[in-house]
Structure formats: C-alpha cells, structure tokens
Amino acid sequence: MSDRNADSARLFDGKLLDEKGELVQSGYAFYQAKEYDRGAVRGKKLRIKEWDYYYFGDDERMIALTVADNSYMSLLSVSVLDFTRFKYITKSKIGLMSLGRLGMPSTCTAGDVDCSIGGAKMRFAIDGDGNRTLSCTFPKYDKKREFSCEIALDPNNGDNITVAVPFKKKGRFYYNTKVNCLSGSGWYRLGDERYEFKNGACGGLDWGRGVWPYKNCWYWSSLSAEIDGKPFGMNLGYGFGRPAASENVVFYDGKAHKLDDVKFDIPFTQGKIDFLKPWTITDDQGRLEMMFYPMIDRTDRMRVLCLSTDQHQVFGKFYGKVTLDDGSILVVTEKIGFAEYVKNQW
C-alpha cells in the first residue's frame, strides 16, 4: 500500500482516545491532528511514557536535550557532540515515580516543560507566537565542569509528521510528532568553554506520548539542514507497533513529501552489527537512495533489575538523492544527521 495514495490512513481532527482508552483512529497527518489527554488513558499507569527530545547544531557541534516522564521514572538528559573531534558526552539524571507530575504538555505547539532532578534543571518554553526557548543548567556535568545552554528556535510554520500507532495489546499506543527544520541560534557552555552555534544552525523535535509494551525495538533517522537555501529534512523510521501508515517523510521548503516503507542496511563485521561502517537507507518505491557515513556512535547502555536499554544513536553525514512528489530530484551532499537502532526493556 502506498501511503501517499491512502486517504484512509490519514488522521482526522478529534480526540486521540475513546472512552475505553483505545485509539479512535491510527494513521498519519502533516500536523498534530489528534487531541492527547493523559487522563483518557485506561492502560496501566506505570506504562505511560511522555517525552520531549530536541537536537540542535551545526556542522561542528550539536547538543541533544531530553525530558521524559516514564511514570515509574523521570529523566533529564544532555548530550554534547563534537564532530571535529569525533567525541561525545552524555549525562543524565533520573528521578523515581514521577507518575505524570512533570505535567508534560498535551500538544507540541503550546505549553512549557520544566524539570529539575538532582540539581540539574531543564526548561522548554513556547510563547504565543510559537517561538521556542530551550535552556538547561547541569552542575558537575563532566567531572567538575558545569553545562549550561540557551537556544532560541524560530516558529515552525511548515508541515510536520504525526503518527498514531497501535500496539498488539489493547490500551497501548504510540502518538508521536516529529518537527524538523527548526532554525534558530544559541550557545552552550561546558566548563570554561563557550560555543556559539553558527549561522544556519538548526534542529528538530521528537514529541512522544503513549502507553508502551515492556519490550520494543525501533529504527529512526532524522536530519535537518538546507538545500539550495531552502529548509530540507528527513524523518525515517520503523519497528514500533502495528502502524496503518509509516512516519517516513521528506521535508522541503516547508512541505512534506510522504514515503512508504524504508529499510536501514547496517553492516556486520564478524557476525556483529558494525555501527561505524557506512549504512544504506532506501525505500520500497525507488524514491530514496541514501548513504550514511557515521562519525560518532552515541551509545547508551543500562541495565537495572528488569529494566534495560541498548541505544546506538549514530551521527554522521548523508549523501544521496530523493524524489519529491512532483518528480523532481534533490541531491543530498554532506548533510549531518543521525540514524539509530534502539532496543528497550522498559
């Protein structure tokens, strides 16, 4: 089935969940069509997961900021990536039994996020005009070095990609919006070093709400850049739930161009996945031909009692081409983004 021609897979406006806590409809939209309400969830309260994840950077540096309320735990996380040295730092703070107390917004277009854990503070604010401000202070982030940042993001008036995805068990779902091509400016400080992002820096938002199963695995890739002076982005992913439509889409000059299924071909070396060798990413309609050359494998592994995560968020450069809805072809050269493979028991 081609998602571009499947009107039945498009989300219409209205409530996300019915009185039984089931998805009213699954599918996709180019805006956040459905109304999410945590109070309407009828699944197990400890299985509710809500997060906002932002990335922002240029061709030398990038930061990634996460606030999550996973019900049995809250998370505040900061990653700093240096593409000139092929190095990264990720540090996180974890709180227990948040159970919705973070008050994560019900939409990606309004509402503030405030999180404080163990002396670290993070805030994502959106004003009435759609301007976003991301700020954080994290004492003793890297040994004794403190991290701080402030990023100002311009309003996004273009398309996004929103999906409502059911899981096999009733009462479980994934409602997600990806916003690419968020232009802006800002800085971060790590100890005595202050870095000002270059003109043209941009990023994206991963806004997720849902009731997840204990075990899951997914692939996801995101890129936000410019081609010929116009905003260009890709959001590619698969592996979670039983979607009526994919989240695969290319953005160009504010418009979304929907793709169907994609596949990430990750090399193996001696029988093991080799994340730092070049990947191939293609679709099933011949519209996407992409090579991905990794620079940094941002690895995050954790195992505590019955909980575990194995994340490989690999940052690198994309080369290739993509065919837009009107048949025109965009050539992608040396654009920095990431592609990831994640396995969770959470």
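Coordinates for the structure precede this section.
By convention here, each chain's residues receive numbers from 1 onward along its written sequence. At least 70 in pLDDT is required for a residue's local features to be given in this predicted model, at least 80 for side-chain atom pairs to be given and counted, and no such filter applies to totals for whole chains, interfaces and linings, which use all residues. Only hydrogens and water are set aside when side-chain values are computed; all heavy atoms of the structure are taken into account.

1. As for the overall build of the protein
Secondary structure elements follow DSSP: runs of H or I no shorter than four residues count as helices, runs of E no shorter than two count as strands, and numbering proceeds from the N terminus. The helix and strand tally for the protein stands at zero helices and 26 strands. Based on C-alpha atoms, the radius of gyration is set beside the globule rule, defined as 2.2 Å times the residue count to the power 0.38. Here the C-alpha radius of gyration of the protein, 19 Å, is about what a compact globule of 346 residues would show, namely 20 Å. C-alpha extents for the protein along the principal axes are approximately 55 × 50 × 45 Å. For the protein, contacts bridging at least 24 residues in sequence account for 56% of all contacts bridging at least 6. Two residues form a contact once any of their heavy atoms are found within 4.5 Å.

2. Regarding unusual backbone geometry
The phi angle at Phe86 is positive, at roughly 55°, despite the residue not being glycine. Mapped onto the secondary structure, Phe86 falls in the loop between β6 (73-82) and β7 (87-96). Backbone geometry at Lys140 places phi at a positive 50°, although glycine is not the residue there. Among the structural elements, Lys140 can be located in strand β10 (residues 132-142).

3. Structural notes on the packing of aromatic side chains
Any two rings among Phe, Tyr and Trp, with Trp reduced to its six-membered ring, count as a pair given centres within 6.5 Å; such a pair is stacked if its planes are under 30 degrees apart, edge-to-face if over 60, and tilted if neither. Scanning the model with the defined rule gives 33 aromatic pairs in all. Taking 6.1 Å as the distance between ring centres and 50° as the angle between the ring planes, the aromatic pair formed by Trp51 and Trp212 counts as tilted. Of this pair, Trp51 sits in strand β4 (residues 48-57) while Trp212 sits in the loop between β15 (202-211) and β16 (215-227), placing them 161 residues apart in sequence. This pair shows no difference in class: Trp51 is buried, exactly as Trp212 is. Plain terms: the ring middles of Tyr174 and Phe240 are 4.9 Å apart, the flat faces sit at 75° to each other, and that makes the pair edge-to-face. With Tyr174 in strand β13 (residues 173-190) and Phe240 in the loop between β17 (230-238) and β18 (249-252), the pair connects residues that are 66 residues apart, well separated along the chain. Classification of Phe240 by relative accessible area gives buried; the value is 7%. Taken together, the aromatic side chains of Tyr219, Tyr238, Phe264, Phe275, Trp279, Phe292, Phe318 and Tyr341 make up a single cluster linked through ring pairs. When the NZ atom of lysine or the CZ atom of arginine is within 6 Å of a ring's centre and also within 35 degrees of its normal, the charge is said to sit over that ring. The cationic tip of Lys34 hangs over the ring face of Phe12; the distance from NZ or CZ to the ring centre is 3.7 Å. Type-normalised accessible area, obtained with a 1.4 Å probe on protein chains alone, sets the label of each residue: buried when under 20%, exposed when over 50%, and partly exposed for intermediate values.

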